[in-house]
Amino acid sequence: QTLFPKIKRMEINKKYQITEKLDDSNLGIAKIGYNLYFCQRNTVFGTYEIYDNKNVLYKNLEPWIIEHKENLLEMLNDNTIIFGEWLGMGHIKYNNFENNFNMFAKAKIEYYYDDIVDDICFKINNLNYNLKEIKYAFKTETIPDFISLVPIVDNNLESINKESLDELYDKYSKSQDRIIEGFVIVDESEPTYVRKYVRCKNGEVKEHFQW
């Protein structure tokens, strides 16, 4: 019983959250104490380090940080990190999007002592991709107007398979009149895990299982 995990009961009426997979750059924004930290790819830096890192920052990120850092410090809950896509770095252009930063997840930050490095380190817990619950990352439970959520494609798809996703992709692409990279799929009963369905690679639409 301790070695083999418990098997979950099968969900009869499953609900899936399907959002658009944006073709851009992952960005995390964390509030730890009285500081903000920005996590892009393999780089983590505080607001006090943006001038030293301006050559590696995402395009247009520096002025965005300068403009909104005080609001983020005031609005984010302590020891919280939010994740999203920073637009303007990928093959697909999103000219009609309201904001550069589009959130898709939130998590809590937990501190622990690491014997190997002999220092205090941190890790993330309670990672949650459910867009209905992302608002709880903010003290007022309100997402600020300079941050958007990734676009919702469908919340009512009854079955997830290649055929249903191909059909949804064609329908959604026509409604948006632009190239769609693909979808991110969340089982709402397990909002810690996501799966991706990708149809656009390097700016070209291909079959999902082609590569």
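Here is a short report on the structure shown in this document. In this text, all values refer to a predicted model and were calculated from it rather than measured experimentally.

Points about the nonpolar core
Reasoning step 1: Formed by 43 residues in total, the largest nonpolar core has its most connected members in I29, L61, W64, L72, I82, F101 and I147.
Reasoning step 2: When residues of this core are traced back to their parent elements, those giving at least two are strand 2 (25-32), strand 3 (35-40), helix 1 (61-75), strand 5 (80-86) and strand 6 (101-114).
Reasoning step 3: Per element, the largest residue contribution to this core is 6 residues, and it comes from strand 6.
Reasoning step 4: Leave out the neighbours within four places in its chain, and L61 touches L27, Q40 and W86.

Comments concerning the environment of F183
Reasoning step 1: In this fold, F183 is placed in strand 10 (residues 182-187).
Reasoning step 2: A relative accessible area of 0% means that F183 is categorised as buried.
Reasoning step 3: Between the C-alpha atom of F183 and that of I152, which follows or precedes it by 31 residues, the distance is 9.4 Å.
Reasoning step 4: Not counting chain neighbours up to four residues away, the residues in contact with F183 comprise I18, T19, K21, V153, L165, L168, Y169, Y172, R195, K196 and Y197.

Quick look at a nonpolar patch on the surface
Reasoning step 1: On the surface, a cluster of nonpolar side chains totalling about 440 Å² of accessible area is made up of Y111, Y113, I120 and F122.
Reasoning step 2: Among the secondary structure elements, those contributing two or more residues to the nonpolar patch are strand 6 and strand 7 (119-128).
Reasoning step 3: Inspection of the secondary structure assignment puts F122 in strand 7.
Reasoning step 4: For F122, a relative accessible area of 44% gives the class partly exposed.

Things to note about the state of the cysteines
Reasoning step 1: Taken as a whole and judged by the stated rule, the model has 0 disulfides.
Reasoning step 2: Left unpaired, C121 is separated from the closest cysteine sulfur, that of C39, by 14 Å.

Some words on the packing of aromatic side chains
Reasoning step 1: According to the stated counting rule, one finds 11 aromatic pairs in the structure shown.
Reasoning step 2: Here the aromatic rings of Y37 and Y48 are separated by 6.4 Å at their centres, their planes lie at 90°, and the arrangement is edge-to-face. Taken together, the residues Y37 in strand 3 and Y48 in the loop between strand 4 (43-46) and helix 1 connect sequence positions 11 residues apart.
Reasoning step 3: Judged by centre distance (6.0 Å) and plane angle (55°), the ring pair of Y169 and F183 falls under tilted. With Y169 in helix 2 (residues 162-176) and F183 in strand 10, this residue pair connects regions lying 14 residues apart in the sequence. The two residues Y169 and F183 agree in class, both being buried.
Reasoning step 4: A cation over an aromatic ring shows up here: K123 above the ring of Y112, its NZ or CZ 5.7 Å from the ring centre.
Reasoning step 5: Above the plane of the ring of Y169 lies R199, whose end atom (NZ or CZ) is 4.7 Å from the centre.

Each value, and the rule that gives it
Numbering of residues starts from 1 in each chain and follows the order in which that chain's sequence is written. Only residues with pLDDT of at least 70 are given local features in this predicted model, and only at 80 or more are side-chain atom pairs given and counted; all residues enter the totals for whole chains, interfaces and linings. In computing side-chain properties, one takes all heavy atoms of the structure into account and sets aside hydrogens as well as water. For the purposes of this section, nonpolar cores are sets of buried Ala, Val, Leu, Ile, Met, Phe, Trp, Tyr and Cys residues that join through side-chain atoms within 4.5 Å. We call a residue buried when its accessible area falls under 20% of the maximum for its residue type, exposed when it is over 50%, and partly exposed in between, using a 1.4 Å probe and counting protein chains only. Only runs of H or I of at least four residues qualify as helices and only runs of E of at least two qualify as strands under DSSP, and these elements are numbered from the N terminus. Contacts are residue-level and defined by heavy atoms, with any inter-residue pair within 4.5 Å sufficient. For patch building, the residue pool is restricted to those with more than 30% relative accessible area and no salt bridge; the joining distance is 9 Å between like charges and 5 Å between nonpolar side chains (Val, Leu, Ile, Met, Phe, Trp, Tyr). All accessible-area figures derive from a Shrake-Rupley calculation using a 1.4 Å probe, and residue coverage is judged against the displayed protein chains alone. Here, a salt bridge means any side-chain nitrogen of Lys or Arg that lies within 4 Å of a carboxyl oxygen of Asp or Glu. Cysteine sulfur atoms that pair up within 2.5 Å are treated as a disulfide. Any two of the Phe, Tyr and Trp rings considered here, Trp counted by its six-membered ring, make a pair once their centres fall within 6.5 Å; the pair's planes then place it as stacked at under 30 degrees, edge-to-face at over 60, or tilted in between. Charge-over-ring placement is defined geometrically: NZ (Lys) or CZ (Arg) within 6 Å of the ring centre, and within 35 degrees of the ring normal.

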